[in-house]
Amino acid sequence: NENYPDINCDLTGESLLDTADYVFLVENILGTRFGDANLDRIINGTDNSIVNSNLGNIGGWSQGNFGLNNTVDNSDLALTN
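Residues numbered from 1 in each chain as written. Predicted model: local features only at pLDDT ≥ 70, side-chain atom pairs only at ≥ 80, totals over all residues. Heavy atoms only, no water.

**Observations concerning the nonpolar core**
Using the following cut-off: Grouping buried Ala, Val, Leu, Ile, Met, Phe, Trp, Tyr and Cys residues that are joined through side-chain atoms within 4.5 Å yields what is termed a nonpolar core. Exposure categories follow from relative accessible area, calculated using a 1.4 Å probe and restricted to protein chains: below 20% of the type maximum is buried, above 50% is exposed, and the middle band is partly exposed. Think of it this way: any DSSP run of H or I at least four residues long counts as a helix, any run of E at least two long counts as a strand, and we number them from the N terminus. Any pair of residues with heavy atoms lying within 4.5 Å of one another is described as a contacting pair.
Membership of the largest hydrophobic core is limited to 10 residues, which are Tyr22, Val26, Phe34, Ala37, Ile50, Val51, Trp61, Phe66, Val72 and Leu77. Elements with a contribution of two residues or more to this core: α1 (19–29) and α2 (45–54). Beyond its immediate chain neighbours, meaning those up to four positions away, Ile50 contacts Ala37, Asn38, Ser62, Gln63 and Gly64.

In structure tokens:
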């Protein structure tokens, strides 16, 4: 059913898609941390600028949205400091 996430995306082996899978993807597969908007594995002023330029906008990771809420906000910005 297209209304349910694909359980094959379960990265932690708990037969559940949740935040733990998102954290595993970022930290173990991508090898970075939340706040690294450009995925260069360094959180610095470049990442901060990306988030600042997109504050209040709808966006994904590359726009600085590190949460699961679809909007770049102050909680995302805090991860770049």
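**Topic: unusual backbone geometry**
Leave glycine aside and you will find that most residues have negative phi; peptide bonds, for their part, are mostly trans. The backbone of Arg41 shows a phi angle near 70°, a positive value even though the residue is not glycine. Considering the arrangement of structural elements, one finds Arg41 in the loop between α1 and α2. Relative accessible area serves as the criterion here: at 58%, Arg41 is assigned to the exposed category. In this structure, Asn70 is a non-glycine residue whose phi angle is positive, near 70°. As for its position among the elements, Asn70 is in the loop between α2 and α3 (74–78).

So far we have only geometry, and geometry alone does not tell us how the molecule works.
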